[in-house]
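Each chain, letter by letter, is given below.
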Amino acid sequence: MKITVIGAGAIGGNLAAKLSTAGHDVQVADARGPEAVRAEVLESGARAVELADAAVQGRDVIVLSIPFGVAGQLADLFASVPDETVVIDTSNYYPGMLSEPIEAVDNGQVESVYTAELLGRPVVKAWNAALAETQRTKGVPAGTPGRLAIPVAGDSEEARKVAMSLVDDTGFDPYDTGTLADSWRQQPNSPAYCTELTFDELPAALATADRAKDAAIRDSLPERFAALPANPTVDDVVEMNRAAHR
């Protein structure tokens, strides 16, 4: 597939590298310029381009891996994106930490529904509910026992299927969570969020999500991180997230 990844941070860089390794035609753009794209991201064939030069016509998929709440800055760019292009949102809302508070979301609007409104087009939510290091190091071939799962939500069944096939290409079992309105179940810090669950374990975690409780756990992140060892490992962070729901 022809894929454009916008955002070359930890998640976007991971995805650009993994998707190009899987054989897709990948270009990656970052607001900081092509020099912000790490060399290892490009080793498998992904191409770094200026954000203004990022091709949006003729691309099958655009992956948005940018800070939550800034998608509106790309609305002009997305005005020329064809309706059939699948747009995937990987962002998460951390008010007061990674984002300024956003009243609409604080009052209950689902994160990716808000992002879709900023862009003026539908999106699929995927890859948001796994740590960057989990995505970088724990992807394995399909059929591997214990393979971790990643939830995928979107209003278009066809778009969800495209996103799910790409999740599979990055080394994880895709789990169809239905419409975007229900994607709050994979937002921070739900039981399904960054807890490294398998396909069989994920449904129960999604079912037990509680919006108020999960938001409170999300907002306690600085205190919980402070209780971790110095230089915590990905396993330390996963265990912290799991422990918050015990």
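Criteria and cut-off values
- Residues numbered from 1 in each chain as written.
- Predicted model: local features only at pLDDT ≥ 70, side-chain atom pairs only at ≥ 80, totals over all residues.
- Heavy atoms only, no water.
- Helix = DSSP H or I, 4+ residues; strand = E, 2+ residues; numbered from the N terminus.
- Rg over C-alpha atoms; globule rule 2.2 N^0.38 Å.
- Buried < 20%, exposed > 50% of the residue type's maximum accessible area, 1.4 Å probe, protein only.
- Contact = heavy atoms within 4.5 Å.
- Areas by Shrake-Rupley, 256 points an atom, 1.4 Å probe, with all protein chains shown as cover.
- Lys, Arg positive; Asp, Glu negative; His and termini not counted.
- Charge placed at Lys NZ, Arg CZ, Asp CG, Glu CD.
- Core = buried A, V, L, I, M, F, W, Y, C linked by side-chain atoms within 4.5 Å.
- Arc of directions from axis to C-beta.
- Polar contact = N/O pair within 3.5 Å; in protein donor to acceptor, adjacent residues only side chain to side chain.
- Phe/Tyr/Trp six-rings, centres within 6.5 Å; stacked < 30°, edge-to-face > 60°.
- Pairing = 2+ DSSP bridges.
- Axes fitted to C-alpha atoms, helices over the stretch in contact; angles between N-to-C directions.
- Expected span 1.5 Å × (residues − 1).
- Salt bridge = Lys/Arg side-chain N within 4 Å of Asp/Glu carboxyl O.

Draft legend 1. Looking closely at the overall build of the protein. What the protein contains, in helices and strands, is 10 helices and 8 strands. For the protein, whose C-alpha radius of gyration is 17 Å, the value lies close to the compact-globule estimate of 18 Å for 246 residues. Judged by the C-alpha coordinates and their principal axes, the protein covers about 45 × 40 × 35 Å. Relative to its full complement of 246 residues, the protein shows a buried share of 52%. Within the protein, residue pairs in contact and separated by at least 24 positions form 68% of the contacts whose partners lie at least 6 positions apart. For the protein, the accessible surface area stands at approximately 10900 Å², while carbon and sulfur atoms represent 52% of it. The averaged location of the 36 negative side-chain charges in the protein is 4 Å from the averaged location of its 20 positive side-chain charges.

Draft legend 2. Summary view of the side chain of glutamine 186. Positionally, glutamine 186 belongs in the loop between β8 (173-176) and α7 (202-207). On the accessibility criterion, glutamine 186 (0% relative accessible area) is buried. With residues up to four places along the chain from it excluded, the contact list for glutamine 186 reads Lys125, Asn128, Ala129, Pro151, Val152, Ala153, Thr177, Tyr193 and Leu206.

Draft legend 3. Representation of the nonpolar core. Of all hydrophobic cores here, the largest spans 30 residues; its most connected members are Ile3, Val61, Val63, Ile88 and Trp127. Listing elements by their share of this core, those giving two or more residues are β1 (2-6), α1 (10-21), β2 (25-30), β4 (61-64), β5 (86-89), β6 (124-126), β7 (149-154) and α6 (157-169). The contact partners of valine 61, leaving out residues within four places of it in the chain, are Met1, Lys2, Ile3, Thr4, Thr85, Val86, Ile88, Val162 and Leu166. Judged by nonpolar contacts, the second largest core, of 14 residues, contains Ile6, Ile62, Phe78 and Val87.

Draft legend 4. Structural detail: helix α8 (residues 211-219). Along α8, the residues classified as buried are Asp214, Ile217 and Arg218. All buried residues of α8 lie within an arc of 105° about the axis, which places them on one face of the element. The distance from a side-chain oxygen at the start of α8 to the backbone nitrogen of alanine 212 is 3.2 Å, and the residue carrying that oxygen is aspartate 210.

Draft legend 5. Up close: the environment of glycine 120. Within the secondary structure, glycine 120 sits in the loop between α4 (111-119) and β6. For the pair glycine 120 and aspartate 76, spaced 44 residues apart in sequence, the C-alpha separation works out to 9.6 Å.

Draft legend 6. Just the packing of aromatic side chains, in detail. Within the structure shown, the criterion is met by 4 aromatic pairs. Members of the aromatic cluster, each reached through a chain of ring pairs, are Phe68, Tyr93 and Tyr114.

Draft legend 7. Representation of the environment of aspartate 106 in the model. Tracing the backbone shows aspartate 106 in helix α3 (residues 103-106). Between the C-alpha atoms of aspartate 106 and valine 234, which are 128 residues apart in sequence, the distance is 28 Å. Residues in contact with aspartate 106, not counting those within four places in the same chain, are Tyr93, Pro95 and Pro101.

Draft legend 8. Representation of the sheet that holds β6 within the structure. Strand order in the open sheet made by the 8 strands is β3-β2-β1-β4-β5-β6-β7-β8, with mixed pairing throughout. Each edge of the sheet is formed by a strand with only one pairing partner; in this case those strands are β3 (47-50) and β8. Ignoring strand direction, the axes of neighbouring strands in this sheet form an average angle of 25°. Running at roughly 130° to β5, α4 makes contact with β4, β5 and β6 of the sheet.

Draft legend 9. How the structure looks around the pairing of β1. In terms of burial, β1 is a largely internal element, 4 of the 5 residues being buried. Pairing between β1 and β4: 4 bridges, direction parallel. Considered in β4, the bridge of isoleucine 3 is made with valine 61.

Draft legend 10. Looking closely at α6. Compared with an ideal rise of 1.5 Å per residue, which puts 13 residues at 18 Å, α6 spans 18 Å between its outermost C-alpha atoms and is within 8% of the ideal. Within the span of α6, buried status applies to Ala159, Arg160, Val162, Ala163, Met164, Leu166 and Val167. Residue glycine 171 follows α6 closely and has a positive phi angle near 105°.

Draft legend 11. Broad picture of the pattern of salt bridges. Counting across every chain of the model gives 15 salt bridges. Aspartate 30 serves as the salt-bridge partner of arginine 32, at 2.7 Å between the closest nitrogen and oxygen. Aspartate 30 sits in the buried class, given a relative accessible area of 8%. The partner of glutamate 239 in a salt bridge is arginine 246, with the nearest N and O atoms 2.6 Å apart. Ionic contacts of the salt-bridge type, sharing partners, join the residues Asp25, Arg47 and Arg59 into one network.

Taken by themselves, the reported measurements are silent on function.
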